[in-house]
Amino acid sequence: MERFKLWSLTALCFFPAVDFLLRKIPVAGSVVGPLWDKLILTGLAALAAGRFLAGERLEPLPHYRMLKAFWLLGIAYLAVGLASFSIDFEGFRAIYWYSLFAFVLPFCVDRALAEKLVRYALFAALLIGLHGVYQYVTKAPMPPGWVDASETVRTRVYSVFGSPNIMGSYMALMFPIAAGMTLSTRSTRERVLFALIALVTLASLLFTYTRGAWLALFAALAVTAALFDRRLLLLILIAAVAAMFVPQVHTRVFQLFDKVYWLKAARDGRIARWLTAYDVIRGNPFFGAGMGHFGGAVAARRLGINYVDNYYAKTAAEMGLVGLSAMLALFVTVVRDLYSRIFKPLRARQEWPLLLGMFTGILAVLLQNGVENVFEVPAMNFLFWFFVSLTVILTRSGEKEGHTA
């Protein structure tokens, strides 16, 4: 069982690449690709159940209670959506499935293993980031709709994700973790390695030309700096100003101040999709159109409805203001829990920069969800809950803390 656990957790660290490769297997890929992570979760859940029955318990953290309440709400939505149960269930699974790892991982992973898993996840980011850099150097082909006709962008990298926006979200998550690991490790050799990973992930993030990921990372870094040491805000601002001297970055960012850009966005871009979501919300403001019925992967596949490019607007359209409020309350509680565990009691710990990096990456993903359906991608949905769980595990005050008989 221990061997299964180690191999399974290692595969999860490489989730984006493993998921991509398994789905490419001829014939069997259509079966193996969608099931591999479910089988791993089932096995880990069995291990966690055994430890639960042996008397171990999760820490009584507020976000666990909020997550349980959010699950009950989702089940209630399923119960009243029997008329279109297959779509509702598929939508439910897309929203909720990977949050189960938040309940399972604390039973299966101790602090020493959690540190190894962070390293493995960074090695995965190095491989994917190098692939992104390779795509940029070789000018990988891309659809013309990914850039405006007036732009001169070499290419937008996408690697195993198939989307530069999701690639950008992944790199915005992994870059601060790599930077934090660089400052946390004691070994000079490891510092060089993780500094390289930080550089590669930052370069790959740049080459996605995804404004949402850039701005989300900048905002997350600014928030973390304000919470940690406000003097760091100056360094972040200097770095942001320096980035504006890169012509492609300058063009992409300042395009946001172009009236033509907003007119196009209002005609057939993000603003048009957000307004469509608003129209759906007006039709049923409290409980929405039903999970899987608007603005996400399930609605696109089953109903032919386009993505709304805003996970929170998509949630409001599908689950109404009740569901959106519950989701936002959950995410706020997650951030507050992690803040209370990291920023006050652990400043003297060697791994504190790593914990700050994990907090920053988690926050960046939540922020980018405001302009992209990041959580509609299984790898990103999983990685969010994965790093939330690892942060909880790494901030235990002792090896046994977090389990009470």
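Only a predicted model underlies this, so the values are computations on that prediction, with no experimental measurement involved. (Residues numbered from 1 in each chain as written. Predicted model: local features only at pLDDT ≥ 70, side-chain atom pairs only at ≥ 80, totals over all residues. Heavy atoms only, no water.)

S.K.: Would you take a moment to explain the overall build of the protein for this structure?
M.R.: The helix and strand tally for the protein stands at 18 helices and zero strands. At 21 Å, the protein has a C-alpha radius of gyration in line with the 22 Å of a compact globule built from 405 residues. Seen along its three principal axes, the alpha-carbon backbone of the protein occupies a region of about 60 × 60 × 45 Å. Taking all 405 residues of the protein together, the buried fraction comes to 53%. Only carbon and sulfur atoms are counted for the fraction: they give 69% of the accessible area of the protein, which is about 18,400 Å². Positive and negative side-chain charges of the protein, numbering 39 and 24 respectively, have mean locations separated by a distance of 3 Å. (Helix = DSSP H or I, 4+ residues; strand = E, 2+ residues; numbered from the N terminus. Rg over C-alpha atoms; globule rule 2.2 N^0.38 Å. Buried < 20%, exposed > 50% of the residue type's maximum accessible area, 1.4 Å probe, protein only. Areas by Shrake-Rupley, 256 points an atom, 1.4 Å probe, with all protein chains shown as cover. Lys, Arg positive; Asp, Glu negative; His and termini not counted. Charge placed at Lys NZ, Arg CZ, Asp CG, Glu CD.)

S.K.: Before we go on, may I ask you to explain helix α8 (residues 164-184) in this structure?
M.R.: The periodicity of an α-helix, 3.6 residues per turn, causes residues three or four places apart in sequence to face the same way. Between its terminal C-alpha atoms α8 stretches 30 Å, which fits the 30 Å expected from 21 residues at 1.5 Å a residue. Along α8, 19 of the 21 residues are buried, which leaves the element largely enclosed by surrounding structure. The distance from a side-chain oxygen at the start of α8 to the backbone nitrogen of N165 is 3.3 Å, and the residue carrying that oxygen is S163. (Expected span 1.5 Å × (residues − 1). Polar contact = N/O pair within 3.5 Å; in protein donor to acceptor, adjacent residues only side chain to side chain.)

S.K.: What is the right way to look at the environment of L12 in this model?
M.R.: Along the chain, L12 falls in helix α1 (residues 2-13). C-alpha separation for the pair L12 and F382, spaced 370 residues apart in sequence, amounts to 8.7 Å. Among residues more than four places away in sequence, those in contact with L12 are W36, I40, L44, F101 and F382. (Contact = heavy atoms within 4.5 Å.)

S.K.: Would you explain the confidence of the model for the protein in this entry?
M.R.: Reading predicted coordinates in detail is not appropriate for stretches of low pLDDT. Taken over all residues, the pLDDT of the protein has a mean of 93, while the share at 70 or more is 97%. Looking across the protein, the model is least confident in helix α12 (residues 247-254), with a mean pLDDT of 89, and most confident in helix α18 (residues 378-394), with 98. (pLDDT = per-residue confidence, 0-100.)

S.K.: Just to check I follow, could you spell out unusual backbone geometry for this structure?
M.R.: A negative phi angle characterises most non-glycine residues, just as the trans form characterises most peptide bonds. One non-glycine residue, K139, lies in positive phi territory at about 55°. Along the chain, the position of K139 falls in the loop between α7 (111-137) and α8. In the Ramachandran plot, Y209 falls in the positive-phi region, its phi being about 55° despite a non-glycine side chain. One can find Y209 in the loop between α9 (188-208) and α10 (211-228). The exposure class assigned to Y209 is buried, which follows from its relative accessible area of 2%.

S.K.: Mind showing me how you'd approach the side chain of S389 here?
M.R.: Within the secondary structure, S389 sits in helix α18. Ignoring anything within four residues of it in the chain, the contact list for S389 reads F101, A102 and L105.

S.K.: I keep staring at the pattern of salt bridges and nothing clicks. Help me out?
M.R.: Two side chains that carry opposite charge are able to pair once their charged atoms sit near each other. Within this structure, the stated rule accounts for 15 salt bridges. The shortest N-O distance in the salt bridge between R231 and D229 comes to 2.7 Å. Put simply, R282 and D279 hold a salt bridge, and the shortest N to O gap is 3.3 Å. Of this pair, R282 and D279 both sit in helix α14 (residues 270-283), three residues apart, which is roughly one turn of the helix. For R282, a relative accessible area of 56% corresponds to the exposed category. (Salt bridge = Lys/Arg side-chain N within 4 Å of Asp/Glu carboxyl O.)

S.K.: Sorry if this is basic, but what is going on with the nonpolar core here?
M.R.: For soluble globular proteins, nonpolar side chains are generally found buried alongside one another. Membership of the largest hydrophobic core comes to 118 residues, with the highest contact counts inside it found for V109, Y170, F384, F387 and L390. No other element matches the 15 residues that helix α16 (residues 311-342) contributes to this core. Contact partners of V109, with chain neighbours within four places excluded, come to L9, A114, L117, L390, I393 and R396. (Core = buried A, V, L, I, M, F, W, Y, C linked by side-chain atoms within 4.5 Å.)

S.K.: I keep staring at the packing of aromatic side chains and nothing clicks. Help me out?
M.R.: Pairs of aromatic rings are described using the distance from one ring centre to the other and the angle between the two planes. For the coordinates displayed, the defined rule picks out 34 aromatic pairs. Measuring from centroid to centroid gives 5.7 Å for F254 and F257, while their planes differ by 45°, and the two rings are tilted. Among the residues examined, F254 registers a relative accessible area of 42% and is labelled partly exposed. Grouping aromatic residues by their ring pairs yields a cluster made of F15, W36, Y98, F101, F382, F386 and F387. Directly above the ring of F52 sits R57, whose terminal nitrogen or CZ lies 3.8 Å from the centroid. Just above the ring of Y136 sits the side chain of R154; from NZ or CZ to the centre is 5.6 Å. (Phe/Tyr/Trp six-rings, centres within 6.5 Å; stacked < 30°, edge-to-face > 60°. Lys NZ or Arg CZ within 6 Å of the ring centre and 35° of its normal.)

S.K.: Explain α9 here, please?
M.R.: Spanning 21 residues, α9 covers 30 Å between terminal C-alpha atoms, matching the ideal 30 Å at 1.5 Å per step. Of the surrounding elements, those touching the buried residues of α9 are α7, α8 and α10. Between the side-chain oxygen at the start of α9 and the backbone nitrogen of R189 there is a gap of 3.4 Å, and the oxygen is on S187. At the exit of α9 stands Y209, carrying a positive phi of roughly 55°.

S.K.: How should the packing of helix α13 (residues 259-268) against α14 be read in this particular structure?
M.R.: A pair of packed helices is captured by two measures, namely the crossing angle of their axes and the spacing between those axes. Where α13 meets α14, the closest approach of the two axes is 4 Å, and the angle between their N-to-C directions is 40°. Classed by the angle they form, the pair α13 and α14 counts as oblique. Every pair of crossing elements has a handedness; the one defined by α13 and α14 is right-handed. Residues W262, A265, A266, R267 and D268 of α13 touch α14, and the partners they reach there are R270, I271, A272 and R273. Looking at the contact of α13 with α14 residue by residue, the classes come out as five nonpolar, no polar and four charged. (Axes fitted to C-alpha atoms, helices over the stretch in contact; angles between N-to-C directions. Parallel < 35°, antiparallel > 145°, perpendicular 65-115°, else oblique. Left-handed = near helix turned anticlockwise from the far one by under 90°. Nonpolar A, V, L, I, M, F, W, Y, C, P; charged D, E, K, R; others polar.)

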